[in-house]
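Secondary and tertiary structure notes
The lines below spell out each chain.
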Amino acid sequence: MTMDPYEALGVKKTATDAEIKKAYRKIAKESHPDLNPDDKEAEARFKAASAAYDLLKDPEQRARFDRGEIDAQGQERPERHFYRDFAGAEGNPYQAGRGFEGFGGIDPEDLFADILRQRAQGGAHGFGGGFGDEYGRDFGGARTTFKARGPDMRYSMEVPFMDAVKGATTRITLPTGGTLDVKIPEGTKDGQTIRLRGKGGPGIGGGPAGDAYVTIGVKPHPLFRREEDDILITLPISIDEAVLGGKVEAPTIDGPVKVTIPKGASSGQVLRLRGRGVKNRRTGKRGDQKIELRIVMPPKIDEELESFMKEWRKKHAYNPRKGMKT
Amino acid sequence: MKQRYFEKDVIEAIELLTPGRLERFVKMQVISPMQTDEGPAYRDVDLARLELMCELSEHFGMEEDALEIVMSLIDQMHALRNRLRLMARAIEAEPEEVRLRIARFICEGNEPPPEQ
């Protein structure tokens, strides 16, 4: 950013601190990407203005800049992420319960009726998940009691890898001090949100409680990685196992199993154990476990191995890099 | 696994954020860190959200009660945008005739489209 900060804010060099602040606020209002998510140019304008404001808001820095001791360049901010970049992304915990998961919870048959009803009731889903259907109906009617659904609550928790893969029940401590039992379904993904009906805030006047939405973060496992429904591991093998093949034990999410290493296996080769992956919640089918082999040398190259290799090389040398042209 | 930040990392990363402010935001439940064995952990989305909240309170002098309302409105706006996007995608997949009828209805106002 080499732009003149005064120009970026649209003020004169003689502007007062108050004028600078006012100019910045005006630009920020119009151009803050999070307040103007549909404006594609907003980010560039906002970044220029905030870099300029960062420099000019501090009288001492401003004086140094005016004297030419520092330039605007030094004021560049580290790469910044705006909330709007996450807001529409899958697994945004702050969208849970606000219709993020498509039209989750609505029967497809009732989809349009549901949206139109919301409108007719003056946007019954108000602040914080809001007053339920009963609000419009009961409040508007004659001689009725006031009844409202409780607000929805949102929480986030991290669970061990295995709990997410195999399912478990854990307990979350609420900011209010209480606890909530959360059933983690088998095959839960990182960033997935679980809805607990009726576990949100209490209703008013006999109205039903709101829902609790718990976003799950999955803790990485030292051995297993996950790619959709497949489990990935790297399995170290010895050189003799690589050359001669054989059966070795490999960990799976169900415990160790024997796998057959083919004769002449290479590092990077992938073996597939069908049905040893994660259960897909929709299809009920399990993914695979993929085992990437990695040949590990013995801790010490002894003389016997060395002399054998020297002999072997004389007659059987090969070039695995053949055809590798740069 | 995405990046995780603990309280001190978050305070360090966001210039305008103080420990007191963070604590209040969490208590207000406008920010909900992930509960982990090592204490509350924040994700990139939390950082972006915190930065926005700090700017609103610092640069616009927004009180925290008002901030809570604004954040809720922003969340609702994004939820609506997501719904709208899904709806647009669904309409895009329809035959041209249907798309045009819907477009005409939206552009021309609130008269329901004529029965075919």
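Structure: above.
So, a few notes on the structure that sits alongside this text. (Residues numbered from 1 in each chain as written. Chains lettered and ligands numbered in written order. Predicted model: local features only at pLDDT ≥ 70, side-chain atom pairs only at ≥ 80, totals over all residues.)

Concerning the overall build of chain A
- From N to C terminus, chain A includes ten helices and eleven strands.
- For chain A, with 326 residues in total, the buried portion stands at 29%.
- Once local pairs closer than 6 in sequence are excluded, the contacts in chain A between residues at least 24 apart make up 50%. (Helix = DSSP H or I, 4+ residues; strand = E, 2+ residues; numbered from the N terminus. Buried ≥ 20, exposed ≤ 12 C-beta atoms within 10 Å, placed from the backbone. Contact = placed C-beta atoms within 7 Å.)

Notes on the pairing of strand S2 (residues 168-173) of chain A
All names here are of chain A.
- Burial of S2 is sparse: only zero of the six residues sit out of reach of the surface.
- For S2 and strand S3 (residues 179-184), the ladder comprises six bridges, and the chain directions are antiparallel. Residue pairing in the sheet places Arg171 in a bridge with Asp181 of S3.
- Between S2 and S3, which pair antiparallel one after the other, the connecting turn spans five residues, and Gly177 there sits at a positive phi close to 105 degrees. (Pairing = 2+ DSSP bridges.)

A look at the interface of chain B and chain A
- The interface of chain B with chain A comprises 28 residues on the first partner and 33 residues on the second.
- Elements with a contribution of two residues or more to the side of chain B that touches chain A: helix H2 (19-27), strand S2 (34-36), helix H3 (44-59) and helix H4 (64-92) of chain B.
- In terms of residue count, the dominant contributor to the side of chain B that touches chain A is H4(B) (eleven residues).
- In terms of residue class, the side of chain B that touches chain A is made up of 13 nonpolar, nine polar and six charged.
- Across two bridges, the pairing between strand S1 (residues 153-159) of chain A and S2(B) is parallel. Each residue of the ladder has a partner; that of A:Met157, found in S2(B), is B:Gln35. (Nonpolar A, V, L, I, M, F, W, Y, C, P; charged D, E, K, R; others polar.)

A short note on the pairing of S1(A)
Residues and elements named next belong to chain A.
- Burial analysis of S1 places seven of its seven residues in the buried class, the great majority of the element.
- Burial along S1 is two-sided: Met153, Tyr155, Met157 and Val159 facing one way and Arg154, Ser156 and Glu158 facing the other are all buried.
- Of the strand pairs in this sheet, S1 and strand S5 (residues 212-218) are connected by seven bridges, and their pairing is parallel. Note that in S5 the partner of Ser156 across the bridge is Thr215.

A word on the nonpolar core
- If you look at the biggest cluster of nonpolar residues, it comprises 38 residues, and the most contacted ones within it are A:Ala164, A:Ile216, B:Val10, B:Leu50 and B:Met53.
- No other element matches the seven residues that H3(B) contributes to this core.
- Among all residues touching B:Val10, those that are not within four sequence positions of it are B:Tyr5, B:Leu17, B:Leu22, B:Tyr42, B:Leu47 and B:Leu50.
- Judged by nonpolar contacts, the second largest core, of 18 residues, contains A:Ala8, A:Ala23, A:Ala51 and A:Ala72. (Core = buried A, V, L, I, M, F, W, Y, C linked by C-beta atoms within 7 Å.)

Some thoughts on the sheet that holds S2(B)
- A sheet is described by the order of its strands in space; here six strands give the open sequence S4(A)-S5(A)-S1(A)-S2(B)-S3(B)-S1(B), paired in mixed fashion. Looking at the sheet topology across the chains shown, the edges are occupied by strand S4 (193-196) of chain A together with strand S1 (5-6) of chain B.
- With four bridges joining them, S4(A) and S5(A) adopt antiparallel strand pairing. Residue A:Leu196 lies in a different strand from S5(A), and its bridge partner there is A:Ala212.

Remarks on helix H3 (residues 42-56) of chain A
- Spanning 15 residues, H3(A) covers 21 Å between terminal C-alpha atoms, matching the ideal 21 Å at 1.5 Å per step.
- Every buried residue belonging to H3(A) is among A:Ala42, A:Phe46, A:Ala49, A:Ser50, A:Ala51, A:Ala52, A:Tyr53, A:Leu55 and A:Leu56, and all of these are buried. (Expected span 1.5 Å × (residues − 1).)

Observations concerning the sheet that holds strand S7 (residues 230-238) of chain A
Residues and elements named next belong to chain A.
- Spatial strand order, S6-S7-S11-S10: four strands in an open sheet with mixed pairing. Edge positions in the sheet fall to strand S6 (225-227) and strand S10 (270-273), since each has one partner strand and no second. Sheet twist, expressed as the mean angle between neighbouring strand axes with direction ignored, is 35 degrees.
- Of the strand pairs in this sheet, S6 and S7 are connected by three bridges, and their pairing is antiparallel. Pairing of Arg226 across the sheet is with Ile231, part of S7. (Axes fitted to C-alpha atoms, helices over the stretch in contact; angles between N-to-C directions.)

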